[in-house]
Amino acid sequence: LVAADRLHQQGITGAGSAIAVLDTGTNVRLGVLNDTNGMYKLIAHYDAILDQEPRKIWSFQGSDESGHGSHVTALALSADFESATGRYNGVAPDARLVAVRAFDANGQGSYADVIRGLDWVVANKDRLGIRVLNLSFSAPVRSHYWDDPVNQAVMRAWEAGIVVVVSAGNGGPDPMTIGVPGNVPYVITVGAMTDSYTIDDPGDDRLTTFSATGPTAEAFVKPDVVAPGGHLKAPMEKKDRIVVEHPEFHDNYDYFAMSGTSQAAAVVSVIAALMFQADPGLTPEDVKCRLMASAHPAVEIEEGEVELAYSVFQQGAGMVHAYDAVSNTMLG
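Predicted, not measured: the structure shown is a model, and the values here were computed from it. (Residues numbered from 1 in each chain as written. Predicted model: local features only at pLDDT ≥ 70, side-chain atom pairs only at ≥ 80, totals over all residues. Heavy atoms only, no water.)

For the structure on display, the rule yields ten salt bridges. One salt bridge in this structure joins aspartate 5 and arginine 87, with 3.1 Å as the shortest N-O distance. Residue aspartate 5 is located in helix α1 (residues 4–8), and its partner arginine 87 is located in strand β4 (residues 87–88); the two are separated by 82 residues in the primary sequence. Take aspartate 5: its relative accessible area is 22%, and that puts it in the partly exposed class. Look at arginine 87 and you get partly exposed, because its relative accessible area is 43%. Each of Lys222, Asp224 and Lys288 takes part in salt bridges that share partners, so that together they form one network. (Salt bridge = Lys/Arg side-chain N within 4 Å of Asp/Glu carboxyl O. Helix = DSSP H or I, 4+ residues; strand = E, 2+ residues; numbered from the N terminus. Buried < 20%, exposed > 50% of the residue type's maximum accessible area, 1.4 Å probe, protein only.)

Turning our attention to the packing of helix α4 (residues 111–128) against helix α5 (residues 149–159). For the pair α4 and α5, interaxial distance at closest approach is 9 Å and the crossing angle is 10°. Taken together, the axis directions place α4 and α5 in an arrangement best described as roughly parallel. From α4, Tyr111, Val114, Ile115, Leu118, Asp119 and Val122 reach across to α5, where they touch Pro149, Val150, Ala153, Val154, Arg156 and Ala157. (Axes fitted to C-alpha atoms, helices over the stretch in contact; angles between N-to-C directions. Parallel < 35°, antiparallel > 145°, perpendicular 65-115°, else oblique. Contact = heavy atoms within 4.5 Å.)

Our focus in this paragraph is unusual backbone geometry. In this model, glycine 172 is joined to proline 173 through a cis peptide bond whose omega is 5°. Along the chain, the position of proline 173 falls in the loop between β7 (163–167) and β8 (188–194). Of note, the bond from valine 180 into proline 181 is cis; its omega dihedral lies within 30 degrees of zero at 5°. Along the chain, proline 181 turns up in the loop between β7 and β8. Of note in the backbone geometry, alanine 219 takes a positive phi value of approximately 75° without being a glycine.

What follows covers a nonpolar patch on the surface. On the surface, a nonpolar cluster with roughly 520 Å² of combined accessible area is contributed by Val221, Val299, Ile301, Val306, Leu308 and Val312. Topologically, valine 306 is positioned in strand β14 (residues 305–308). (Patch = residues over 30% accessible without salt bridge, like charges linked within 9 Å, V, L, I, M, F, W, Y side chains within 5 Å. Areas by Shrake-Rupley, 256 points an atom, 1.4 Å probe, with all protein chains shown as cover.)

A separate point is the environment of glycine 169. For glycine 169, the location among the structural elements is in the loop between β7 and β8. In this structure glycine 169 comes out as buried when scored by relative accessible area, which is 5%. Sequence spacing of glycine 169 and serine 136 is 33 residues, and the spatial spacing of their C-alpha atoms is 8.4 Å. Leaving out residues up to four positions away in the same chain, glycine 169 has contacts with Ser138, Phe210, Ser211, Ala212 and Thr261.

Another aspect to go through is the pairing of β8. Within β8, seven of the seven residues are buried, leaving the element largely enclosed by the surrounding structure. Burial along β8 is two-sided: Ile188, Val190, Ala192 and Thr194 and Thr189, Gly191 and Met193, pointing in opposite directions, are all buried. Pairing between β7 and β8: three bridges, direction parallel. Residue pairing across strands places valine 165 opposite isoleucine 188, the latter belonging to β8. One ladder, built from four bridges, connects β8 with strand β10 (residues 225–228); its direction is parallel. Pairing of glycine 191 across the sheet is with valine 226, part of β10. Sheet topology note: the β8/strand β9 (residues 206–207) ladder contains two bridges and is antiparallel. By the bridge assignment, methionine 193 is partnered in β9 with leucine 207. (Pairing = 2+ DSSP bridges.)

Quick look at the packing of aromatic side chains now. The tally for this structure, following the rule as stated, stands at seven aromatic pairs. Taking 6.5 Å as the distance between ring centres and 75° as the angle between the ring planes, the aromatic pair formed by tyrosine 145 and tyrosine 186 counts as edge-to-face. With tyrosine 145 in the loop between β6 (130–135) and α5 and tyrosine 186 in the loop between β7 and β8, this residue pair connects regions lying 41 residues apart in the sequence. The exposure class assigned to tyrosine 145 is buried, which follows from its relative accessible area of 8%. Clustering of aromatic rings is evident, with ring pairs tying together Tyr145, Trp146, Tyr186 and Phe220. The cationic tip of arginine 6 hangs over the ring face of tyrosine 323; the distance from NZ or CZ to the ring centre is 3.7 Å. Over the ring of phenylalanine 276 we find arginine 131; its NZ or CZ atom is 3.7 Å from the centre of that ring. (Phe/Tyr/Trp six-rings, centres within 6.5 Å; stacked < 30°, edge-to-face > 60°. Lys NZ or Arg CZ within 6 Å of the ring centre and 35° of its normal.)

So, in structure tokens, the structure goes:
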């Protein structure tokens, strides 16, 4: 749907960049944690709840009791290859992973744990080569964006040169439902679309009913873009809490189908990794500029006039397109 497979055929698979995923941890098998050459790509992990960075990288695998972080990570990075279609399950199968656990088995976390995780990412970005930070979570807005402590930590990450990609939240479709930290104007905030289970028929593609809608309280346009976020399949273990509670979405083997702006954000995060492989000198502002400039807005034709099918407060600049984002040369 985002044409990342066309980039994979050209050898652009996200190699050279590390993406930090701040979530519930990871509990996925080697098909996700190995790259296309079979090399282990989890290069570091940090437990913000316990304030620990274990020396043994392998010890972190199995830390996710929820399944949310595992699903987000797999969508982004899985090197599982389907020979029938010639496609990888993940958007950037050769990007490296830095896993940060700040949420528990119920998917809940405190401001203190999240901020501790964000600060650790910033402090270790140069050592680990972190170029992208995925934040697939949302909290209620309780202040101006600049006063919120999580938002302040997120803005520090952006200012440090990290592309921060954030889920818009699942509180839509009413206006002004964008959560924290999606209401930060600088970061890339992602809403969700769905192909309505017909991948080859774009005619029924639509914005999901749950995707949060802008504007923000300070009147900024959000989300910035939308991405696939309906029934996306990725590996998740049967013992994970989400699978136990919703077995009907698991195939009884490896894959779980999950919907949310969390999944949409994961897609966009690693499109940024593809962009960095093609042009390592990009800044976070450049990445955001090219993602938005190359996005495809949903339109409809009425009486010969082309109009937006959804407002900019619903779809932002439109649906991301990995191939066009990588080939885009716009700046500023």
